[in-house]
Amino acid sequence: MARMKFLCDAERCIECNGCVTACKQEHEIPWGVNRRRVVTLNDGVPGEKSISVACMHCSDAPCMAVCPVDCFYKTSEGIVLHDKDLCIGCGYCFYACPFGAPQFPQDGAFGLRGKMDKCTFCAGGPETDHSEAEYKKYGRNRLAEGKLPACAEMCSTKALLGGDADVISDIYRNRVMKRGKGSEVWGWGTAYGKPDAKPATPPGAKS
Amino acid sequence: MSRSFLRDRLMPLLGMLVALVFTPASYSADGSRAQEQAQRQQTQPGNNAPMWRDVREGVNQTTQVRGVETNVLMQPSGQSWREVRPPISLAGGLLIAAALLALFAFYQWRGPIGVHEAGTGKLIKRFSDAERLTHWTVAISVCILAVTGLIISFGKYMLLPIIGYTLFSWLAALAKNLHNFVAPVFFFMLPVMIVLFVRDNLPGPGDLKWLLTFGGLFSKSGHETPSGRFNMGEKVLFWFMVCALGVVLCVSGTVMLFPNFDQGRQIMQAANIVHVVGAMVMIFLASFHIYLGTVGARGAYEGMRTGYVDETWAKEHHQLWYDQVKAGKARQHFADDAPDAVRAQVANGLKA
């Protein structure tokens, strides 16, 4: 059985936030809820990297462990989903999650947070596949349609990979093998030609 | 407790607890690691070790998504919280269970503590209306908070397997909302209680003797060690349970109750641990107080219910205070005008 995973290639992510937008639009997510976000590390310093992050569908998921009503479950594909009908909005999953994945639709004075919402790997929830109830609570169930998560499908540089762990780790491994070093890591070779190729402008010409 | 348990389980746990409480609430990139990463990029392209170290420590970065701590890629303290909480709440649960068992055993062995002489029917107004209103508001709110808190803490293991997911979720949602909305009642009545009761809970004569003799619990005569209006046991409860734990619970609870103040996760995790520890100890202590105030001692419940106690009860349990009342030096007086219904209730409470 496939084990679904996300992988974000920090060398490729260009912080376009396309994944964030794709996710919001695919599931019609309300304002204030961000199932996915892009974090830029060392912003403005040479060598800055961006990484897109959402629920990582952990094997030993902290949210699952701390939930007082045990509303989380794991699908046979390793996707961590939750039942909003059981969720009491206590916020414990939000305390425990390393990635800040659990989101709440309300501001929360007196602890009124509403039902937790998070990335479903585009796999819906416990309701019948493609039902209206499922769409309203969890968004589109793309996996049941035979599609992969919208964020990864939409990624313009294919930095964000989502799917069967064996497949996406092969893709990533191939990239690392072929990436080379120095300026090639950045893909300059593709954009500006190989370093040993003839320069576009002859030496001495005015630029 | 074996040494390996101390070394392998307890010490790392304490270490994490200390780390959870004392590490700064948020880190910012000071730039030094960013520079290190920039240099590393020159010599070893593709080696992002300095950057990943920042990530692992939960350093604040940059994001376009607005919200609390959305700029933190990974928060490390969540894992500490997850590790620390279960053993602490288990220990608290065992402590409370032990207290209930001990009280049950004590009741079987000793039965209710009665009075040695028959009631005279002469009543003393022991508690003013303000004191009773405050006491019962706090008492009822604490009971609701304790029961709902225990449901949230242990229901997953003790109730859910019995009543099932749907019903337990409904119960837990009710418990959470009751907990959150009864909490302000406790929050505002606690200072009132402290102000009203502090005067007679200050140290007084007889306190040390009462403490050393356990209130005369094991004395051969079976008589209680003389005490003022409140005995040393009640004073310990007042200072430790009401003043110290009560305030700690109010503060830590408020931190979690208002996530709309945009506090970070780390302070809420620390508040949660403090709240669990404080609440478990409070329930432990309160169970002794509730025992002695209900089935454990005759006439005590009626005293707080009606405000009146029999002369004999006062002499038996608070002799120094009774002497003061008799001498007219106490703020409480004999009440000859007590209604007949109250007289019947107080007399009934003293009966074996």
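Here we summarise the structure given alongside this text.

1. Focus: the overall build of chain A
Check the secondary structure of chain A and you find 7 helices and 6 strands. Order of helices (α) and strands (β) in chain A, N terminus to C terminus: β-α-β-β-α-β-β-α-α-α-β-α-α. Per-residue burial over chain A gives 52% buried out of 207 residues. In chain A, the share of contacts with a sequence separation of at least 24, taken over all contacts with a separation of at least 6, comes to 53%. Carbon and sulfur atoms form 56% of the exposed surface of chain A, whose accessible area is close to 10,000 Å².

2. Concerning the overall build of chain B
When helices and strands are counted, chain B shows 14 helices and 5 strands. A globule of 352 residues ought to have a C-alpha radius of gyration of about 20 Å, yet chain B, at 27 Å, is considerably larger. With the C-alpha coordinates aligned to their principal axes, the bounding extent of chain B is approximately 95 × 45 × 45 Å. Burial status across chain B gives 44% buried among its 352 residues. Within chain B, contacts between residues separated by at least 24 positions form 75% of all contacts whose residues are at least 6 apart in sequence. Accessible surface, chain B: about 18,500 Å² in total, of which carbon and sulfur atoms supply 67%. Side chains of chain B carry 31 positive and 23 negative charges; the gap between the two charge centres is 5 Å.

3. Focus: the environment of Ala49 of chain B
Residue and element names in this part refer to chain B. The residue Ala49 is located in helix H3 (residues 49-56) in this model. The class for Ala49 is partly exposed, based on a relative accessible area of 27%. Sequence-wise, Ala49 and Lys351 are 302 residues apart; in three dimensions their C-alpha atoms are separated by 77 Å. Residues contacting Ala49, with those up to four places away along its chain left out, are Gln37 and Arg40.

4. Digging into the packing of aromatic side chains
Tallied over the full model, the rule gives 18 aromatic pairs over all chains. Each ring, one from Phe197 of chain B and one from Phe230 of chain B, has its centre 6.0 Å from the other, and the planes form 50°; the classification is tilted. Placement of Phe197 of chain B in helix H7 (residues 165-197) and of Phe230 of chain B in the loop between helix H8 (207-212) and helix H9 (232-257) is noted, with a sequence separation of 33 residues between them. Residue classification places Phe230 of chain B among the buried residues on the basis of a relative accessible area of 6%. Members of the aromatic cluster, joined through ring pairs, are Phe110 of chain A together with Phe181, Phe258 and Phe261 of chain B. Here the basic side chain of Lys122 of chain B rests over the ring of Phe334 of chain B, its NZ or CZ set 4.4 Å away from the ring centre.

5. A look at a nonpolar patch on the surface
On the surface, Leu167, Trp170, Leu174 and Leu178 of chain B cluster together into a nonpolar patch covering about 410 Å² of accessible area. Here Leu174 of chain B is to be found in helix H7.

6. Describing the environment of Ala144 of chain A
Residues and elements named next belong to chain A. Examined against the element boundaries, Ala144 turns out to sit in the loop between helix H4 (132-138) and helix H5 (150-154). Spatially, the C-alpha atoms of Ala144 and Asp129 are 6.8 Å apart, while their sequence positions differ by 15 residues. The contacts of Ala144, once residues within four sequence positions are left out, are Asp129 and His130.

7. Digging into helix H1 (residues 18-27) of chain A
Residue and element names in this part refer to chain A. Taken as a whole, H1 has its buried residues at Cys19, Val20, Ala22, Cys23, Glu26 and His27. Buried residues in H1, looked at end-on, bunch into an arc of 165°, giving them a common side. Exposed side of H1, more than 90 degrees from the buried face: Thr21 and Gln25 are the residues found there.

8. Focus on the pattern of salt bridges
According to the stated counting rule, one finds 27 salt bridges over all chains in the structure shown. Of the charged contacts, one joins Lys136 of chain A and Glu132 of chain A as a salt bridge, the two residues approaching to 3.6 Å between their closest N and O atoms. Of this pair, Lys136 of chain A and Glu132 of chain A both sit in helix H4, 4 residues apart, which is roughly one turn of the helix. Here Lys136 of chain A and Glu132 of chain A have matching classes, each one exposed. Where Arg331 of chain B meets Asp200 of chain B, a salt bridge forms, and the shortest distance between an N and an O atom there is 2.6 Å. With Arg331 of chain B in the loop between helix H13 (319-327) and helix H14 (340-350) and Asp200 of chain B in the loop between H7 and H8, the pair connects residues that are 131 residues apart, well separated along the chain. According to the relative accessible area criterion, Arg331 of chain B is partly exposed, its value standing at 40%. Residues participating in the shared-partner salt-bridge network are Glu26, Arg140, Arg142, Glu145, Lys147 and Glu153 of chain A.

9. Let's talk about the interface of chain A and chain B
Of the residues lining the interface, 52 residues belong to chain A; the matching set on chain B comes to 53 residues. The junction of chain A with chain B conceals about 4,400 Å² of combined surface from both sides, 60% of it contributed by carbon and sulfur atoms. On the chain A side of the interface with chain B, the three residues burying the most area are Asn42, Tyr95 and Phe110 of chain A, jointly 18% of the side's total. Here chain A and chain B share 1 salt bridge between them. When residues of the side of chain A that touches chain B are assigned to their parent elements, the largest contribution, 5 residues, is made by strand E2 (residues 37-41) of chain A. Classifying every residue of the side of chain A that touches chain B by side-chain character gives 31 nonpolar, 10 polar and 11 charged.

10. Some thoughts on unusual backbone geometry
Although it is not a glycine, Lys158 of chain A adopts a positive phi angle of roughly 55°. Relative to the assigned elements, Lys158 of chain A resides in the loop between H5 and strand E6 (160-164). Positive phi, close to 65°, is recorded for Asp262 of chain B, a residue that is not glycine. As for its position among the elements, Asp262 of chain B is in the loop between H9 and helix H10 (265-296).

11. Structural notes on the packing of H9 of chain B against H10 of chain B
What describes two packed helices is the angle between their axes and the distance between those same axes. All names here are of chain B. Interhelical geometry of H9 versus H10 gives an angle of 150° and a closest axis separation of 8 Å. If you check the angle between H9 and H10, you find them roughly antiparallel. The two elements H9 and H10 cross, and the hand of that crossing is left-handed. Its residues placed into classes, the contact of H9 with H10 shows 17 nonpolar, 7 polar and no charged.

12. Describing the nonpolar core
Here is a general trend for soluble globular proteins: nonpolar side chains tend to be buried in one another's company. By size, the foremost hydrophobic cluster in this structure holds 38 residues, and its most contacted members are Val69, Cys71, Phe72, Tyr92 and Tyr95 of chain A together with Trp81 of chain B. Elements supplying a minimum of two residues to this core: helix H2 (62-66) and helix H3 (92-96) of chain A together with helix H4 (77-110), helix H5 (129-158), H7 and H10 of chain B. Take this core: its biggest share by element is 6 residues, from H10 of chain B.

13. Quick look at the sheet that holds E2 of chain A
Spatially, 3 strands are ordered E3(A)-E2(A)-E3(B) in an open sheet, and the strand pairing comes out antiparallel. Of all strands in the sheet, those with a lone pairing partner are strand E3 (49-53) of chain A together with strand E3 (62-63) of chain B, marking the two edges.

14. What about the side chain of Lys235 of chain B?
Locating Lys235 of chain B in the fold gives a position in helix H9. Not counting residues within four places of it along the chain, the set of residues in contact with Lys235 of chain B comprises Asp200, Asn201, Leu202, Pro203, Gly204, Asp207 and Phe230 of chain B.

Definitions and limits used
Residues numbered from 1 in each chain as written. Chains lettered and ligands numbered in written order. Predicted model: local features only at pLDDT ≥ 70, side-chain atom pairs only at ≥ 80, totals over all residues. Heavy atoms only, no water. Helix = DSSP H or I, 4+ residues; strand = E, 2+ residues; numbered from the N terminus. Buried < 20%, exposed > 50% of the residue type's maximum accessible area, 1.4 Å probe, protein only. Contact = heavy atoms within 4.5 Å. Areas by Shrake-Rupley, 256 points an atom, 1.4 Å probe, with all protein chains shown as cover. Rg over C-alpha atoms; globule rule 2.2 N^0.38 Å. Lys, Arg positive; Asp, Glu negative; His and termini not counted. Charge placed at Lys NZ, Arg CZ, Asp CG, Glu CD. Phe/Tyr/Trp six-rings, centres within 6.5 Å; stacked < 30°, edge-to-face > 60°. Lys NZ or Arg CZ within 6 Å of the ring centre and 35° of its normal. Patch = residues over 30% accessible without salt bridge, like charges linked within 9 Å, V, L, I, M, F, W, Y side chains within 5 Å. Salt bridge = Lys/Arg side-chain N within 4 Å of Asp/Glu carboxyl O. Arc of directions from axis to C-beta. Buried area = accessible area lost by both parts, 1.4 Å probe. Nonpolar A, V, L, I, M, F, W, Y, C, P; charged D, E, K, R; others polar. Axes fitted to C-alpha atoms, helices over the stretch in contact; angles between N-to-C directions. Parallel < 35°, antiparallel > 145°, perpendicular 65-115°, else oblique. Left-handed = near helix turned anticlockwise from the far one by under 90°. Core = buried A, V, L, I, M, F, W, Y, C linked by side-chain atoms within 4.5 Å. Pairing = 2+ DSSP bridges.

Everything listed here is a matter of geometry and, on its own, says nothing about what the molecule does.
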